[in-house]
Amino acid sequence: MGKQRVLSGVQPTGNYHLGNYLGAIRNWVEGQSEYENYLFVADLHAITVPQVPYDSTRLASDTYTLVALYLACGLDLDYSTIFVQSHVSAHSELTWLLNCITPLNWLEDMIQFKEKAVKQGENVNVGLLDYPVLMAADILLYQADKVPVGEDQKQHLELTRDIAARFNHQFGKPDQQVLKLPDPLIRKEGARVMSLADGTRKMSKSDPSDLSRINLLDPPDQIQYKIKRCKTDPIRGLTFDDPERPECNNLLTLYMLLAGKAKKEVAAQCQDMGWGQFKPLLTDTIIESLKPIQEKYQAITEDKGYLESVLRDGRQKAQAIANQTLAQVKAALGYSVPL
Ligand code: TYM
């Protein structure tokens, strides 16, 4: 039996942060030799919220930064195919076909849509509502077995399964499903990294305050400043899992994951510490763990020709699989086969 297939992606909207790394990218890297991996830049998703102020160079430059970061974080082209969503037109085409079998109220129920719609006020476009169908198309085109993501994407993955099941039920044959139902891969730790400014909100690329997150490309002095300024509490002795101390749990978890220590070990090490002792320890750990990524990123990002060749290869490999699924879907829907 061949390897199972993994598919996942990140939106190229700048400010790639520790949540993206610990919730997603690091997990792709760790498991990559076990799977056949398709990892992409979700640039069609990136225009579901208005680009303000519009800068015609931004989308492409954020895309290259993200591809360079994927490689710098350790994605290995022997195991992983890296591509850009908009380079494979089957994503848009399958989205349309799936739109026509997806009930509107399924989309209106999506938590992320409701949250983002509130933020956008009057300015909610159809793309924001349709975003989860595009995400379903991304996944189903590759007949993915596993989708490693952070906790915030869980509902979108459940929707993806529902759409696939509905399609198979309406248009498949009883003994042959057209679309594979994927399983989410959500780690227990790191699946929800919280904001440095408020331990009850998740760390986010779109938070207007840069002090709320550690970006993967932040220089050491900025990391030090952000940790110095981050929200804590007046209690001495640091503990995990106290609902009254969300910031404490978040910062200990960051330390645990980046230092590669067991929870028990960190709990014992930090139980008598005050913030004055813990913050420098956390700062050094973050700086040290991001250093090799940042160094590799610098080397890769200077070679645009190399990045372009990675994306050309990725596009070809992705297209071969995506177009095959798209043809199967169209055939199941009763479209005539092109001559
Ligand atoms: P995006 O770009 O918002 O986030 C990329 C990945 O990072 C995870 N993540 C987090 N994990 C832990 N803590 C956080 N604070 C945190 N913030 C973000 C996300 O869960 C995600 O795994 N819709 C997706 C991109 C996408 C996709 C797909 C993913 C498009 N199509 C198909 C998987 C499969 C998104 O906006 O992720």
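Here, the structure is the one placed above.
Asker: Could you clarify how one ought to interpret the nonpolar core in this entry?
Answerer: Generally speaking, soluble globular proteins have nonpolar side chains that are buried together. Counting residues in each nonpolar core, the largest one holds 57 residues, and the members touching the most others are Leu18, Tyr21, Tyr70, Phe278 and Ile286. At 9 residues, the largest contribution of residues to this core is made by helix α11 (residues 275-301). With near-sequence residues (within four places) excluded, Tyr21 lies in contact with Arg26, Asn27, Cys73, Leu216, Leu258 and Ile293. Core analysis: the second largest hydrophobic core is formed by 41 residues, Leu7, Met110, Tyr131 and Val149 among them.

Asker: How should the packing of aromatic side chains be read in this particular structure?
Answerer: Two aromatic rings are characterised by how far apart their centres lie and by the angle between their planes. By the definition in use, this model includes 7 aromatic pairs. Between Tyr255 and Phe278, the aromatic rings sit 5.7 Å apart at their centres with planes inclined by 85°, giving edge-to-face as the arrangement. Remark: Phe278 occurs in helix α11 and Tyr255 occurs in helix α9 (residues 246-259); sequence separation between them is 23 residues. Under the relative-accessibility criterion, Phe278 is labelled buried at 0%. Summarising the aromatic geometry, the rings of Trp275 and Phe278 are spaced 6.0 Å apart at their centres and angled 70° between planes, so their arrangement reads as edge-to-face. Taken together, the residues span about one helical turn, with Trp275 and Phe278 both in helix α11 at a distance of 3 residues. Trp275 sits in the buried class, given a relative accessible area of 11%. Joined through ring pairs, the aromatic side chains of Tyr38, Phe40, Phe83 and Tyr142 make up one cluster. In this structure, Arg166 packs its charged tip against the face of Trp106, placed 5.2 Å from the ring centre. For the cation-ring pair, Lys263 lies above Phe240, with the distance from its terminal atom to the ring centre recorded as 5.1 Å.

Asker: Help me out: how do you make sense of the site of the ligand in this one?
Answerer: Around the ligand, the surrounding shell holds 29 residues, and the nearest of these are Gln11, Tyr131, Asp138, Asp152 and Lys205. Between the ligand and Asn20, the relevant distance is 3.2 Å, taken from an oxygen atom to a side-chain nitrogen or oxygen of the residue. Between Gln153 and the ligand, the recorded distance is 3.4 Å, taken from a side-chain N or O atom to a nitrogen atom. Counting residues per element, the ones that place at least two in the shell around the ligand are β1 (5-10), α1 (18-31) and α6 (126-141). Looking at the shell around the ligand residue by residue, the classes come out as 13 nonpolar, 11 polar and 5 charged.

Asker: Got a minute to help me understand the side chain of Lys279 in this structure?
Answerer: With respect to the helices and strands, the residue Lys279 is situated in helix α11. Among buried charged residues, Lys279 stands out as having no salt bridge; its nearest opposite-charge side chain is Asp233, 9.8 Å away. Of note is the side chain of Lys279, whose polar atom sits 3.0 Å from the backbone oxygen of Ile227. With sequence-adjacent residues up to four places away left out, Lys279 is seen in contact with Ile227, Lys228, Arg229, Cys230 and Thr232.

The rules behind each value
Residues numbered from 1 in each chain as written. Predicted model: local features only at pLDDT ≥ 70, side-chain atom pairs only at ≥ 80, totals over all residues. Heavy atoms only, no water. Core = buried A, V, L, I, M, F, W, Y, C linked by side-chain atoms within 4.5 Å. Buried < 20%, exposed > 50% of the residue type's maximum accessible area, 1.4 Å probe, protein only. Helix = DSSP H or I, 4+ residues; strand = E, 2+ residues; numbered from the N terminus. Contact = heavy atoms within 4.5 Å. Phe/Tyr/Trp six-rings, centres within 6.5 Å; stacked < 30°, edge-to-face > 60°. Lys NZ or Arg CZ within 6 Å of the ring centre and 35° of its normal. Near = heavy atom within 4 Å. Polar contact = N/O pair within 3.5 Å; in protein donor to acceptor, adjacent residues only side chain to side chain. Nonpolar A, V, L, I, M, F, W, Y, C, P; charged D, E, K, R; others polar. Lys, Arg positive; Asp, Glu negative; His and termini not counted. Salt bridge = Lys/Arg side-chain N within 4 Å of Asp/Glu carboxyl O.

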